[in-house]
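Structural characterization, general
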Amino acid sequence: TLGILVVGVAGVLLVGVWFGVPNLLYRQFGEMTAKAGFEVQNIETTGMRRVDQLKVYDIVLSEMEKPMLLVDIERIRTQLNAYGWIKDVRVSRRLPNTLVISVAERTPAAVWQRGEKFSLLDSEGKVLDGISPNEVGDLPVIKGENANAQIEALARLLDNAQSLKSQV
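Note that this is a predicted model, so its numbers are computed, not measured.

1. A word on helix H3 (residues 53-60)
Within H3, burial applies to Val56, Ile59 and Val60. The buried residues of H3 all sit within an arc of 90° when viewed along its axis, so they share a single face. Across H3 from its buried face, at more than 90 degrees, point the exposed residues Leu54 and Asp58. Buried residues belonging to H3 abut strand S1 (42-46), helix H4 (73-81) and strand S3 (98-105).

2. Concerning the pairing of S3
Counting buried positions along S3 yields seven of eight residues, so the element is predominantly enclosed. Sheet topology note: the S1/S3 ladder contains five bridges and is parallel. If you follow glutamate 44 over to S3, its bridge partner there is valine 100. With eight bridges joining them, strand S2 (residues 86-94) and S3 adopt antiparallel strand pairing. Each residue of the ladder has a partner; that of arginine 93, found in S3, is leucine 99. In textbook terms, the turn of a hairpin is the stretch between consecutive antiparallel strands, and for S2 and S3 this stretch comprises three residues.

3. A word on the sheet that holds S3
If you trace the three strands from one edge of the open sheet to the other, you get S1-S3-S2, paired in mixed fashion. Each edge of the sheet is formed by a strand with only one pairing partner; in this case those strands are S1 and S2. If you compare each strand with its neighbour and ignore which way they point, the axes differ by 20° on average. Strands in contact with H4 are S2 and S3; relative to S2, the strand with the most contacts, it is inclined by about 160°.

Procedures and definitions
- Residues numbered from 1 in each chain as written.
- Predicted model: local features only at pLDDT ≥ 70, side-chain atom pairs only at ≥ 80, totals over all residues.
- Heavy atoms only, no water.
- Buried < 20%, exposed > 50% of the residue type's maximum accessible area, 1.4 Å probe, protein only.
- Helix = DSSP H or I, 4+ residues; strand = E, 2+ residues; numbered from the N terminus.
- Arc of directions from axis to C-beta.
- Contact = heavy atoms within 4.5 Å.
- Pairing = 2+ DSSP bridges.
- Axes fitted to C-alpha atoms, helices over the stretch in contact; angles between N-to-C directions.

Written as structure tokens, this is what we have:
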């Protein structure tokens, strides 16, 4: 009798999982918490100086007025990390109603010139943004296709040959 009961309960649980009952219960719980005041009403950002804040808010504002428990923090983090200026981002919940976005930005290390096109690069060779020729400033300019892949080697060379650094 006990074995039949265990098999019956396992069968009911398996059918429930098959039809998505746990996900439905989780969504219902999220909706109940929203009614209790646990929904996204505020977004707090830190660490953004060069990052286009409108791009960040476009991604995050889709989560406004959602139940806090149903906010897909990993999706937000993945989308923000795809943006060139962002080196790393931390997304967290501050209960009851605030999403906190902490951004670590990349720092321009060089300018990459390909024909008439100029782009800012970070120390890893990641393209940050396009710029005009008169915005180059004091950054070193590297030229040619795939030159961005050599930026780390250039940095190591200049660190080892300090007397060359001021001439580059």
